[in-house]
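# What the coordinates show
Each chain is listed here by its residues.
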Amino acid sequence: QVQLVESGGGLVQPGGSLRLSCVASGHIFSIYAMGWYRQAPGKQRELVAAITSGGSTNYADSVKGRFTISRDNAKNTVYLQMNNLKPEDTAVYYCNADFEGYPNDYWGQGTQVTVSS
């Protein structure tokens, strides 16, 4: 089995920054891709950013230029650096990973990010 554990969420003011971390553990061969999704109340879960094992990245248009995704393969960890946060970034953020040898993606438990004055 494998699992994902997230940390770094919290309450910040508009314009502030947060860094989310997600650590994968368990029976891991390799991780093809890792990403961050978010879900706000009344909204569908959406992709925020993703990164492949080769370093290719993909961002939602709403976060381009503000968020940066990175990974440390040796630590099985993915990060999301969030700068210039806006109230519309408020959501539960979920870590996702595509593990080699597993038919389905795995999800973390989610961490709340609230941007408010």
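Our subject is the structure that appears above.
Attention in this report is confined to the structure presented alongside it.

Definitions and cut-offs
- Residues numbered from 1 in each chain as written.
- Predicted model: local features only at pLDDT ≥ 70, side-chain atom pairs only at ≥ 80, totals over all residues.
- Heavy atoms only, no water.
- Pairing = 2+ DSSP bridges.
- Helix = DSSP H or I, 4+ residues; strand = E, 2+ residues; numbered from the N terminus.
- Axes fitted to C-alpha atoms, helices over the stretch in contact; angles between N-to-C directions.
- Phe/Tyr/Trp six-rings, centres within 6.5 Å; stacked < 30°, edge-to-face > 60°.
- Buried < 20%, exposed > 50% of the residue type's maximum accessible area, 1.4 Å probe, protein only.
- Lys NZ or Arg CZ within 6 Å of the ring centre and 35° of its normal.
- Salt bridge = Lys/Arg side-chain N within 4 Å of Asp/Glu carboxyl O.
- Disulfide = S-S within 2.5 Å.

## What to know about the sheet that holds strand E7 (residues 67–72)
Across the sheet, four strands lie side by side as E1-E3-E8-E7; this open sheet has antiparallel pairing. The sheet is open, and its two borders are formed by strand E1 (2–7) and E7, each paired with just one other strand. The average undirected angle you get between the axes of adjacent strands in this sheet is 15°. As judged from the six bridges shared by E1 and strand E3 (residues 18–26), these two strands associate in the antiparallel manner. Across the sheet, residue glutamine 3 finds its bridge partner in E3, namely serine 25.

## Let's talk about the packing of aromatic side chains
This model, assessed by the stated rule, comprises five aromatic pairs. When the ring of tyrosine 102 is compared with that of tyrosine 106, the centres are 5.7 Å apart and the planes differ by 85°; the resulting orientation is edge-to-face. On the accessibility criterion, tyrosine 102 (17% relative accessible area) is buried. A residue is classified by how much of its surface remains accessible, and tyrosine 106, at 28% relative accessible area, is partly exposed. Among the aromatic residues, those joined into a ring-pair cluster are Tyr37, Tyr94 and Trp107. The positively charged end of arginine 45 is found above the aromatic ring belonging to tyrosine 94, 3.7 Å away from the centroid. For arginine 45, the ring lying beneath its charged end belongs to tryptophan 107, and the centroid distance is 4.6 Å.

## Observations concerning the pattern of salt bridges
Where charged atoms from two side chains of opposite charge approach closely, those side chains can pair. Considering all chains together, one arrives at four salt bridges under this definition. Residue lysine 64 is joined to aspartate 61 by a salt bridge in which the shortest nitrogen-to-oxygen separation is 3.0 Å. With its nearest N and O atoms 2.8 Å apart, the salt bridge here joins aspartate 89 to arginine 66. Taken together, the residues span a long stretch of sequence, with aspartate 89 in the loop between strand E8 (77–82) and strand E9 (91–99) and arginine 66 in the loop between strand E6 (57–59) and E7 at a distance of 23 residues. Summarising the burial analysis for this pair, aspartate 89 and arginine 66 share the class buried. Here the salt bridges do not stand alone but share partners, grouping Arg38, Glu46, Arg66 and Asp89 into one network.

## Some details on the state of the cysteines
Applying the stated rule across the entire model yields one disulfide. A sulfur-sulfur distance of 2.1 Å marks the disulfide that ties cysteine 22 to cysteine 95. Given an S-S torsion of about -85°, the disulfide between cysteine 22 and cysteine 95 has left-handed geometry. Here cysteine 95 lies in strand E9 and cysteine 22 lies in strand E3, a separation of 73 residues in the sequence.

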